[in-house]
Amino acid sequence: MAVAKNRQNKRSNALVITEALLVSYVGYITSFILVQLDLIAEPGIENLTINIFLVTLAVLLCSLSVGLYEAKLRETFRGIIRRIFVSLGISYFIVEVLTGTLFSSLDMHSYYLPTAICLNIIALVFFRYFTNRLGLLGLGRVRLMVLGAGERASIIEKRMRRDVDRLGFELLGFVPVPGDNREDGIKNEKIIHVKVDENLRNFVVENDIEEIVIACDQRRGTLPIETLFDCRLRGIEVTDLLDFMERETGQIAVNLMYPSWVIYSNGFHSQNYLRDALDYSVNAVLALFVLIFAWPFMLITALIIYLDDGRRTGTSVFYKQERVGQNGRLFKIIKFRSMRPDAEKDGAKWASKNDDRVTRIGHFIRKYRIDELPQLINVFRGEMSFIGPRPERPEFVEQLVKEVPYYNQRHNVKPGLAGWAQLNYPYGASVEDSMEKLKFDLYYVKHQSLLLDILILIRTVEIVLFGKGR
């Protein structure tokens, strides 16, 4: 374990030194920019050095205090961003206090500190993103093995085949456990032939394993409890397969879920009147903001739909349809009509990729998500949010609840104009597709937060601007 400990210390030291240099450089750039914009007078070298030193020291100490330099930090990128914001916010107040008391004689311009903090937030977020995603400085790459080589473990082989799926970890192999269904288990991955006893503990130590993923088909009477207990005391992470898949793929493996995992896991927050009221206020303001900029496009779209076939058929340019909302309540969704008026003369049908029911203008407005804009009315009514699982039709929900486990749980939050599932699995036209989208919907329900909503909004804007919609 000494080798692993030394490697972890080297990672932390390299990260501290690199971020210290980055924060110092940003401090210098801040001064340079403010001088060039004639916002501050050019400071002396001694004064500038002290300014940079104070900011850098405060940022490093605060980052250390919020756990950003922990060798075994197991945090999502959104969690890291939250810690960076907290760290830099505390740093700002510390430097403000120091320059107002102990260093009151220091000439730090009022523009310098807030500008330096803001630029450092941007720099550190980008730096952490690339170091984590690309495995720079050895960050984000965890040496792990999987305990189990049966049907449950095979989801890793099936879902995470590409190198890009494994940027966050180095998988040494799978250890078979008694009771595993090897017939439907691991086929092409490395199998570690080691007995699940003292030999397993020795293997973990000798190979510097940092995380063990529990993925055996049967736990009762098969798990090496004493070995896992000893590994946990040594600082080795022991992670359930569901938590591992959730962390690495941004989805919840619905077909592997079991009630106790839901009961004991974090997330799935209860409804709160104050939070719901605030959520509506934010969504209403955001909807008004979008409407102010989008109404000309909406007017033009309505006119084109009318001229295309609305005038001839006497059909409305809008399309209203019953959907299932929060807690199973029904509401009428409003969209620009993108299909022929007789699209469902034979009853409700799943939309398909190259659906011949879609009109000429319908293909365009779907591609750029313009057909969704009238749903701003649903947001004003409080029936929808900007971000959330896409609302489904009652006919399909009735079928999906019977065939897809936990499907009803997606109705615990308001449906949205855009969602986590649409970004990660944008096309769905069957029960199987609904199962895949549910994995992302439940991830959103569990981790719903302002930061995740902002991330989804940013990526949705990218889809609209570059016409990636379907």
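Every chain is numbered on its own, with residues counted from 1 as its sequence reads. Local features in this predicted model are restricted to residues whose pLDDT is 70 or higher, and side-chain atom pairs enter the listing and the counts only when it is 80 or higher, whereas totals over whole chains, interfaces and linings include all residues. Only heavy atoms go into the side-chain values, all of them from the structure, while hydrogens and water stay out.

One UniProt comment on the protein chain, placed under Sequence similarities (unreviewed entry), says "Belongs to the bacterial sugar transferase family." UniProt positions are given in the numbering used here, feature names are shortened, and annotations may be inferred rather than shown by experiment. As its UniProt record puts it under Subcellular location (unreviewed entry), the protein chain is described as follows: "Membrane".

Novice: Explain a nonpolar patch on the surface to me, please; I cannot follow it from the model alone.
Specialist: A cluster of nonpolar residues, Tyr25, Tyr28, Phe32, Ile33, Leu37, Leu39 and Tyr111, forms a patch on the protein surface that exposes about 710 Å² of accessible area. Secondary structure elements are taken from DSSP: a helix is a run of H or I of four residues or more, a strand is a run of E of two residues or more, and numbering for both begins at the N terminus. Tracing the sequence through the fold places Leu37 in the loop between helix H1 (2-36) and helix H2 (45-65). Exposed residues in this analysis have more than 50% of their type's maximum accessible area, buried residues have under 20%, and partly exposed residues fall in between, with area computed by a 1.4 Å probe over protein chains only. Looking at Leu37, the relative accessible area reads 54%, which means it is exposed. Patch rule: a residue counts if its relative accessible area is over 30% and it has no salt bridge; like charges are joined within 9 Å, and nonpolar side chains (Val, Leu, Ile, Met, Phe, Trp, Tyr) within 5 Å. Only the protein chains shown count as cover for residues, with accessible areas throughout obtained via the Shrake-Rupley method and a probe of 1.4 Å. The term salt bridge refers to a side-chain nitrogen of Lys or Arg lying within 4 Å of a carboxyl oxygen of Asp or Glu.

Novice: Just checking my understanding: could you explain empty space enclosed by the protein for this structure?
Specialist: Cavities and pockets are found on a 1 Å grid laid over the protein atoms alone: a cavity is a set of points where a 1.4 Å probe fits but cannot escape, a pocket is an open set with protein on both sides within 12 Å along at least five of seven lines, and a lining residue has an atom within 4 Å of such a point. Grid points are joined across faces, edges and corners, and a volume is the space filled by probe spheres set on the points. Applying the stated rule across the entire model yields one cavity of 30 Å³ or more. The space that makes up the largest cavity amounts to roughly 40 Å³. In this structure, the largest cavity is lined by Val324, Gly325, Gln326, Pro389, Arg390, Pro391, Arg410, His411, Val413 and Pro415. For the lining of the largest cavity, the class distribution of residues is five nonpolar, three polar and two charged. Side-chain classes follow a simple rule in which Ala, Val, Leu, Ile, Met, Phe, Trp, Tyr, Cys and Pro form the nonpolar group, Asp, Glu, Lys and Arg form the charged group, and the remainder, Gly included, forms the polar group.

Novice: Hey, could you run me through the sheet that holds strand S2 (residues 169-175) in this one?
Specialist: Each strand in a sheet pairs with its neighbour through backbone hydrogen bonds, running either in the same direction (parallel) or in the opposite one (antiparallel). Strands are treated as partners if at least two bridges between them are detected by DSSP. What the four strands build is an open sheet, ordered S2-S1-S3-S4; its pairing is parallel. Because the sheet does not close on itself, it has two edges, and the strands there are S2 and strand S4 (237-240). Between one strand and the next, the sheet's axes are offset by a mean angle of 25°, whatever the strand orientation. In this structure, strand S1 (residues 142-147) lies alongside S2, joined through five bridges in parallel fashion. What sits directly across from Arg143, in S2, is Glu170. Every axis corresponds to a line fitted to the C-alpha atoms, with the helix fit spanning only the stretch in contact, and the corresponding angles, defined between N-to-C directions, vary from 0 to 180 degrees.

Novice: Would you explain the side chain of Asp371 in this entry?
Specialist: Position of Asp371 relative to the elements: it lies in the loop between helix H11 (360-367) and helix H12 (376-380). Whether two residues touch is decided by their heavy atoms; if any such pair falls within 4.5 Å, the residues are in contact. Apart from residues lying up to four places away in sequence, Asp371 is in contact with Lys335, Phe336, Ile365 and Arg366.

Novice: Can you help me understand unusual backbone geometry in this one?
Specialist: In most cases, non-glycine residues show a negative phi, while peptide bonds are predominantly trans. In this model, Asp208 sits at a positive phi of 55°, which is unusual for a non-glycine residue. Examined against the element boundaries, Asp208 turns out to sit in the loop between helix H6 (198-206) and strand S3 (211-214). On the accessibility criterion, Asp208 (12% relative accessible area) is buried. Even without being a glycine, Tyr406 presents a positive backbone phi close to 65°.

Novice: What's the story with the UniProt feature "transmembrane region" (unreviewed entry) in the protein chain in this structure? I'm lost.
Specialist: Following the UniProt record, one finds the feature "transmembrane region" (unreviewed entry) at residues 12-36, 48-69, 81-105, 111-131 and 284-307. Between the C-alpha atoms that bound residues 284-307 there is a distance of 31 Å. The span itself is 100% helix and 0% strand.

Novice: Sorry, what's going on with the pairing of strand S6 (residues 330-336) here?
Specialist: Both faces of the sheet carry side chains from a regular strand, because those side chains alternate between them. With five of its seven residues buried, S6 lies for the most part within the structure. Where strand S5 (residues 318-324) meets S6, seven bridges bridge the pair, whose relative direction is antiparallel. What sits directly across from Gln321, in S6, is Ile333. If you look at the hairpin formed by S5 and S6, you'll find five residues sitting between the two strands, and Asn327 has a positive phi there, around 60°.

Novice: Just to check I follow, could you spell out the pattern of salt bridges for this structure?
Specialist: The final tally for this structure, using the stated rule, is 16 salt bridges. Note that Arg247 is salt-bridged to Glu248, the shortest N-O span being 3.0 Å. On the basis of relative accessible area, Arg247 is assigned to the partly exposed category, the value being 27%. Accessibility expressed as a relative area gives 24% for Glu248, which makes it partly exposed. We note a salt bridge from Lys439 to Glu436, for which the minimum N-O separation is 3.3 Å.

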